[in-house]
Amino acid sequence: MANAPQITFSPVAPGKAADTLVVFCDEGVKFGADAARMLGEAGEIVARAAKFEKFTGKSGTTLELLVPEGLKADRLVVIGVGKVSDLKQQDVVKLGGAAMGKLRRIDNAVVVADLPGAGKGAAGGMNPDQAADLAQGMVLRAYAFDRYKTKRKPDEEPAAKRSVTIATGDVNGARKAFAEREAIADGVLLARDLVNEPPNVLYPEEFARRTLALKKAGCAVEILNMAALKKLGMGALLGVGQGSTRESRVVVMRWNGGKKGAAPVAFIGKGVCFDTGGISIKPAAGMEDMKGDMAGAACVVGLMQALAARKAKVDAVGVIGLVENMPDGNAQRPGDIVKSMSGQTIEIINTDAEGRLVLGDVLWYTKEKFKPKFMVNLATLTGAIIVALGHEYAGLFSNNDELSERLSKSGEATGELVWRMPLSATFDKMIDSKFADMKNTGGSRAGGSITAAQFLQRFVDKTPWAHLDIAGTGMDSRQNEINKSWASGWGVRLLDRLVADYYEG
Ligand code: BES
Ligand code: MN
Ligand code: ZN
């Protein structure tokens, strides 16, 4: 994977050569036994430096020493973790990110997976899961999308030169625990890559072609071409793509790791490879961001890759609708009426409300074809969700309390947070049309994210379903310890967790 640091696990070995040595300490600058062993005589210097710098080991603080006497490393980084007993799983992942953030691009680093008082027994300070969490955080943090940069500043060596040794008391345990987490991280990075790609490179056909790589992990991949989509009657999806010289595609990905005969879980993604708005064209400012309007589809691909790579014990299907929304002589007009695969007719009010048209057909197709246990769709659907929830939470809309609850819990566990929004008959009425069964906007800006969700709900029947509006989280995303990319890959970790905690085995 691009920019991935080379990560290896090895036993705690004081005196091992390293450019940078990273150790963790808790409040009061206390170290675990392994970290203390690695510091050796330098422990005293650390104590002095900490006192002078008023470094107390609070969470999010670091202390750096250059060429510390008694150490082989040229640089020592001490990262404060706060109270060890307060650390949740995601905090350890973030610590990995923080550690990676302190490494230079050409470093040979040793990171000591140790905390005082944590993980008892011979294994030392961090248990294998925590050492693996650290590693996952490092991989997520190291990602940078720079494949189109032909010039580098002299100090900007390719990040691939970075190698990190995670020193741990249980090398085999950590390696085993990391295999699964690496599969998930790879899925996140794949999603980020897809979202970051420019729209001249990643148009529907090319996006579809890239999903074929999932076959290597054991997924079945089927690409539905124009003829197939017409035959299925996906008039809503095809209407969106008809103003583009690029053909539309739907991709169906299947991973069968579950018991035979069980209904699959289904994930559906909006894949608008570029959204100009169509005839209801968007203003110029910021339109380049609309290359990310396929973040929902990218997440589904990353998730399927992760589930397959870690051999999840579940039957999962991922279905993505890939189109480009362009204005040209053949583009769909406001006032057009299209017929969806469900048979329901839709009056187009605004050609910029295109995501729901794509998803309406894909949701219906998925429900009919796979009779899934549930459907979760992801879509950069509305600007209104950014107004409501900012970049911190994705909007969650659902017809099912249990699924909602599970998504919320998975969100808390992974830090990919969701906030449930309402659905109701009064909002549903707002998309009734004078001329067709429904129209594609609510007619005003009021409750814009909700009327969009109501539209989707008309294509799911009684199937337990949740819609995640990720316009605020999937792209132009919040920078944090484990993400420095415009495209966050949001949702891969959340949905992988949903599957792992509730639908496997
Ligand atoms: N792709 C946009 C939503 C969007 C906006 C995503 C900003 C990410 C950042 C979507 O297709 C759209 O244009 N929605 C319209 C709907 C409106 C015309 C009813 C919107 O949000 O303005
Ligand atoms: Mn749009
Ligand atoms: Zn869009």
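Preceding this paragraph is the structure being described.
*Asks:* Just to check I follow, could you spell out the coordination of the zinc ion (ligand 3) for this structure?
*Replies:* Each pair of donors in an ideal four-coordinate tetrahedral metal site encloses 109.5 degrees, whereas pairs in an ideal six-coordinate octahedral site enclose 90 or 180 degrees. Surrounding the zinc ion (ligand 3) are the protein donor atoms Lys270 (NZ), Asp275 (OD), Asp293 (OD) and Glu354 (OE), at 2.0 to 2.4 Å. Bound by six donor atoms, the zinc ion (ligand 3) shows angles of 77 to 176 degrees at the metal and therefore octahedral coordination geometry. Coordination of the zinc ion (ligand 3) draws on donor residues from a single chain, spaced K-x4-D-x17-D-x60-E in sequence. The two metals, the zinc ion (ligand 3) and the manganese ion (ligand 2), are separated by 3.1 Å and share Asp275 as a common coordinating residue.

*Asks:* Would you mind showing me how to read the coordination of the manganese ion (ligand 2) here?
*Replies:* Every protein donor of the manganese ion (ligand 2) is listed here as Asp275 (OD), Asp352 (O), Asp352 (OD) and Glu354 (OE), and their distances to the metal cover 2.0 to 2.2 Å. Because the angles between the six donor atoms bound to the manganese ion (ligand 2) fall within 70 to 166 degrees, the donor set is best described as irregular. Within one chain, the residues serving as donors to the manganese ion (ligand 2) are arranged as D-x76-D-x1-E. Owing to a relative accessible area of 3%, Asp275 belongs among the buried residues under this scheme.

*Asks:* For this particular structure, what's the right way to read the pairing of strand S8 (residues 249-256)?
*Replies:* Where a strand is regular, its side chains alternate between the two sheet faces. Among the eight residues that make up S8, six are buried, leaving the element largely enclosed by the rest of the structure. Note: strand S7 (residues 220-224) against S8, five bridges, orientation antiparallel. Within S8, the position partnered with Glu222 by the bridge is Val252. Sheet topology note: the S8/strand S10 (residues 315-325) ladder contains eight bridges and is antiparallel. The residue bridging Arg249 from the neighbouring strand is Leu322, located in S10.

*Asks:* Hey, could you run me through the site of ligand 1 in this one?
*Replies:* Taken together, 17 residues lie near ligand 1, and Lys282, Asp293, Asp352, Glu354 and Gly383 sit nearest. Residue Asp293 places a side-chain N or O atom 2.9 Å away from a nitrogen atom belonging to ligand 1. Taking Asp352, its side chain carries an N or O atom lying 2.8 Å from an oxygen atom of ligand 1. Tallied by class, residues from the shell around ligand 1 come to five nonpolar, five polar and seven charged.

*Asks:* Sorry, what's going on with unusual backbone geometry here?
*Replies:* Glycine aside, residues mostly have negative phi angles, and peptide bonds mostly take the trans form. Unusually for a residue other than glycine, Val67 sits at a positive phi of about 30 degrees. Along the chain, Val67 falls in the loop between strand S3 (62-66) and strand S4 (75-80).

*Asks:* I keep staring at the environment of Asp315 and nothing clicks. Help me out?
*Replies:* Residue placement: Asp315 occurs in strand S10. Looking at Asp315, the relative accessible area reads 12%, which means it is buried. When the C-alpha positions of Asp315 and Ala99 are compared, they lie 36 Å apart, and in sequence the two are 216 residues distant. Separated by 2.8 Å, the side chain of Asp315 and the backbone nitrogen of Gly258 make a polar contact.

*Asks:* What exactly am I supposed to notice about the sheet that holds strand S11 (residues 337-339) here?
*Replies:* Adjacent strands of a sheet form backbone hydrogen bonds with each other and so pair up, either parallel or antiparallel. Overall, mixed pairing links the three strands, which are arranged S11-S12-S16 in an open sheet. Strands at the two margins of the open sheet, each flanked by one partner only, are S11 and strand S16 (438-439). With two bridges connecting them, strand S12 (residues 345-347) and S16 associate as parallel partners. Looking at the pairing, Glu347 lines up with Lys439 of S16.

*Asks:* Even after reading the chapter, I still don't get the state of the cysteines, so can you show me in this structure?
*Replies:* By definition, a disulfide links the sulfur atoms of two cysteine residues through a covalent bond. On inspection of all chains with the given rule, the structure shows zero disulfides. In this structure Cys219 is not part of a disulfide, and its nearest cysteine sulfur, from Cys299, lies 14 Å away. Overall, the relative accessible area of 4% leaves Cys219 in the buried class. According to the relative accessible area criterion, Cys299 is buried, its value standing at 0%.

*Asks:* Whenever I open this one, helix H9 (residues 295-309) confuses me. Can you help?
*Replies:* Turn by turn, an α-helix covers 3.6 residues, leaving residues three or four places apart pointing in a common direction. Compared with an ideal rise of 1.5 Å per residue, which puts 15 residues at 21 Å, H9 spans 21 Å between its outermost C-alpha atoms and is within 8% of the ideal. Taking burial as the measure, the 15 residues of H9 include 14 buried ones, the bulk of the element. Following H9 by one or two positions, Lys311 has its phi on the positive side, about 50 degrees.

*Asks:* Would you take a moment to explain helix H3 (residues 89-101) for this structure?
*Replies:* With 13 residues, H3 ought to run about 18 Å at 1.5 Å a step, and its terminal C-alpha atoms sit 19 Å apart, in line with that. Taken together, the buried positions of H3 are occupied by Gln90, Val92, Val93, Leu95, Gly96, Gly97, Ala99 and Met100. Contacts from the buried residues of H3 go to strand S2 (20-25), S4, helix H4 (128-142), strand S6 (163-167), helix H12 (401-414) and helix H15 (492-502).

*Asks:* I keep staring at the nonpolar core and nothing clicks. Help me out?
*Replies:* Soluble globular proteins tend to pack their nonpolar side chains together in the buried interior. If you look at the biggest cluster of nonpolar residues, it comprises 95 residues, and the most contacted ones within it are Phe24, Phe207, Leu468 and Leu495. Ignoring sequence-local partners within four residues, the contact set of Phe207 consists of Leu194, Leu202, Cys273, Met294, Ala297, Ala298, Val301, Ile320 and Leu322. Listed in part, the 36 residues of the second largest apolar core include Leu224, Leu238, Val240 and Tyr365.

*Asks:* Would you explain the sheet that holds strand S14 (residues 393-398) in this entry?
*Replies:* Judged by pairing direction, the sheet is mixed, and its eight strands sit side by side in the order S7-S8-S10-S9-S13-S17-S14-S15 without closing on themselves. Edge positions in the sheet fall to S7 and strand S15 (417-420), since each has one partner strand and no second. When the angles between neighbouring strand axes are averaged without regard to direction, this sheet yields 20 degrees. One ladder, built from four bridges, connects S14 with S15; its direction is parallel. Among the inter-strand pairings, Tyr393 is bridged to a residue of S15, identified as Leu417.

Definitions and cut-offs
Residues numbered from 1 in each chain as written. Chains lettered and ligands numbered in written order. Predicted model: local features only at pLDDT ≥ 70, side-chain atom pairs only at ≥ 80, totals over all residues. Heavy atoms only, no water. Donors = N, O, S within 2.8 Å, 3.2 Å for Na, K, Ca; no water. Tetrahedral: all angles 85-135°; square planar, octahedral: opposite > 155°, others 65-115°. Buried < 20%, exposed > 50% of the residue type's maximum accessible area, 1.4 Å probe, protein only. Helix = DSSP H or I, 4+ residues; strand = E, 2+ residues; numbered from the N terminus. Pairing = 2+ DSSP bridges. Near = heavy atom within 4 Å. Polar contact = N/O pair within 3.5 Å; in protein donor to acceptor, adjacent residues only side chain to side chain. Nonpolar A, V, L, I, M, F, W, Y, C, P; charged D, E, K, R; others polar. Disulfide = S-S within 2.5 Å. Expected span 1.5 Å × (residues − 1). Contact = heavy atoms within 4.5 Å. Core = buried A, V, L, I, M, F, W, Y, C linked by side-chain atoms within 4.5 Å. Axes fitted to C-alpha atoms, helices over the stretch in contact; angles between N-to-C directions.

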